[in-house]
Amino acid sequence: MNTALILSFLKKLAANNKREWMLAHKDEFEAARAEFYELVQQMIDRLSLIDKSLVGVGYKECVFRIHRDIRFSPDKRPYKEYFSAYIVRGGRKSERAGYYIHIQPDSESLIGGGIHMPTTDLLKYIRKEIAVNGDELTAILENPEYKSVYSDLEGEKLKRAPKEYAITHPYIELLKLKSYDAVYYYRDDEFVKKSEAYMNDMMEKFKVMLPLNQFFNDIFDDFNS
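For clarity, every value in this text was computed on a predicted model and none was experimentally measured.

Peer 1: Mind showing me how you'd approach the pairing of strand S4 (residues 180-186) here?
Peer 2: The two faces of the sheet receive side chains in turn, since in a regular strand these alternate between them. The element S4 is extensively covered by neighbouring structure, given that six of its seven residues are classed as buried. Of the strand pairs in this sheet, strand S3 (residues 109-115) and S4 are connected by seven bridges, and their pairing is antiparallel. Counterpart to Ser 109 in the pairing with S4 is Tyr 186.

Laid out in structure tokens, this is it:
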């Protein structure tokens, strides 16, 4: 994989985010996108060895389109200035906990996992399970290996306790969350290092994330049973 090619194209796109420019540089876009497709498929193949729910998943169902939805936005730039994919059974639209890859210049590249912005009903169910089994989630988050890679869960958070729970609940800070995201950011120089080393690094960090995803997917499966 030519990871430098991906960043180079995205930097140009950020400076020229117009349909006319994209049309004139279609070959560059397709070359960079092909590199990203290869990265995503290789990651799927390797992740499926440790997460059997990914067996049979392909990159096409996981990669997000580069076109922005500008119908109701004052920002009329037609294209996202990053490549991204969500590796999970069911593809990018799935609500299951999965593995997110986001490639963007200026050290905005990242990997992520957990459950991002669940629906209202699913969020209520997640909170119900955390209220009872918060010790299990806390053990995952406090594991030294996990803490060596990821900081606290990111995501929008209520200022007050959800009405169903007392402010004194032992897991109230987890219950306030509206999204449960584990995120690790990469500097540009980390991303452009030898692609195999980069792939190995991502893989190790996703392995550390696996118990978190399994915790949330057990909840998700119960919710949908």
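Still more to cover.
Peer 1: Is there a simple way to think about the packing of helix H1 (residues 3-15) against helix H3 (residues 26-47) in this case?
Peer 2: Relative placement of two packed helices is described by the angle separating their axes and the distance separating the axes. Contact geometry for H1 and H3: axes closest at 9 Å, N-to-C directions at 135°. By the angle between their directions, the pair H1 and H3 is classed as oblique. As H1 packs across H3, the resulting crossing turns out to be left-handed. From H1, Leu 5, Ile 6, Phe 9 and Lys 12 reach across to H3, where they touch Glu 28, Phe 29, Ala 31, Ala 32, Glu 35 and Phe 36. Here the residues of the contact of H1 with H3 are counted per class, giving seven nonpolar, no polar and three charged.

Peer 1: Looking at this model, I keep getting lost on H1. Mind explaining?
Peer 2: Count 3.6 residues to each turn of an α-helix, and residues three or four apart come out pointing the same way. Over its 13 residues, H1 runs 19 Å from end to end, which matches the ideal 18 Å to within 8%, given 1.5 Å per residue. Along H1, the residues classified as buried are Thr 3, Ile 6, Leu 7, Phe 9, Leu 10 and Leu 13. Within H1, the buried residues cover an arc of 165° as seen down the axis, which keeps them to one side.

Peer 1: I keep staring at the sheet that holds S4 and nothing clicks. Help me out?
Peer 2: Hydrogen bonds between backbone atoms are what pair the strands of a sheet, whose relative direction is either parallel or antiparallel. Taken in spatial order, the four strands of this open sheet run S1-S2-S3-S4, and their pairing is antiparallel. If you trace the sheet from one side to the other, it starts and ends with strand S1 (83-87) and S4, each paired once. With strand direction ignored, the average angle separating the axes of adjacent strands in the sheet is 15°. Taken together, the five bridges between strand S2 (residues 98-103) and S3 define a ladder with antiparallel strand orientation. Across the sheet, Tyr 99 pairs through a bridge with Gly 113, a residue of S3.

Peer 1: I tried to follow a negative patch on the surface on my own but got confused; where do I start?
Peer 2: On the surface, Asp 135, Glu 136, Asp 218 and Asp 222 cluster together into a negatively charged patch. If you list the elements that add at least two residues to the negative patch, you get helix H4 (120-142) and helix H8 (195-223). Inspection of the secondary structure puts Glu 136 in helix H4. We classify Glu 136 as partly exposed; its relative accessible area is 41%.

Peer 1: What should I look at first to understand the pattern of salt bridges in this one?
Peer 2: Pairing of side chains with opposite charge becomes possible as their charged atoms draw close. Per the counting criterion, the structure on display carries 13 salt bridges. Put simply, Asp 75 and Arg 68 hold a salt bridge, and the shortest N to O gap is 3.7 Å. Under the relative-accessibility criterion, Asp 75 is labelled partly exposed at 24%. Taking the relative accessible area as the measure of exposure, Arg 68 reaches 24% and is therefore partly exposed.

Peer 1: Can you walk me through the side chain of Arg 96 in this structure?
Peer 2: If you trace the backbone, Arg 96 turns up in the loop between S1 and S2. A relative accessible area of 7% places Arg 96 in the buried class. Looking at Arg 96, its side chain comes within polar contact range of the side chain of Asp 221, at 2.7 Å. Not counting residues up to four positions away in its chain, the partners in contact with Arg 96 are Ser 53, Tyr 86, Val 88, Arg 89, Gly 114, Ile 115, Asn 217, Phe 220 and Asp 221.

Criteria and cut-off values
Residues numbered from 1 in each chain as written. Predicted model: local features only at pLDDT ≥ 70, side-chain atom pairs only at ≥ 80, totals over all residues. Heavy atoms only, no water. Buried < 20%, exposed > 50% of the residue type's maximum accessible area, 1.4 Å probe, protein only. Helix = DSSP H or I, 4+ residues; strand = E, 2+ residues; numbered from the N terminus. Pairing = 2+ DSSP bridges. Axes fitted to C-alpha atoms, helices over the stretch in contact; angles between N-to-C directions. Parallel < 35°, antiparallel > 145°, perpendicular 65-115°, else oblique. Left-handed = near helix turned anticlockwise from the far one by under 90°. Contact = heavy atoms within 4.5 Å. Nonpolar A, V, L, I, M, F, W, Y, C, P; charged D, E, K, R; others polar. Expected span 1.5 Å × (residues − 1). Arc of directions from axis to C-beta. Patch = residues over 30% accessible without salt bridge, like charges linked within 9 Å, V, L, I, M, F, W, Y side chains within 5 Å. Areas by Shrake-Rupley, 256 points an atom, 1.4 Å probe, with all protein chains shown as cover. Salt bridge = Lys/Arg side-chain N within 4 Å of Asp/Glu carboxyl O. Lys, Arg positive; Asp, Glu negative; His and termini not counted. Charge placed at Lys NZ, Arg CZ, Asp CG, Glu CD. Polar contact = N/O pair within 3.5 Å; in protein donor to acceptor, adjacent residues only side chain to side chain.

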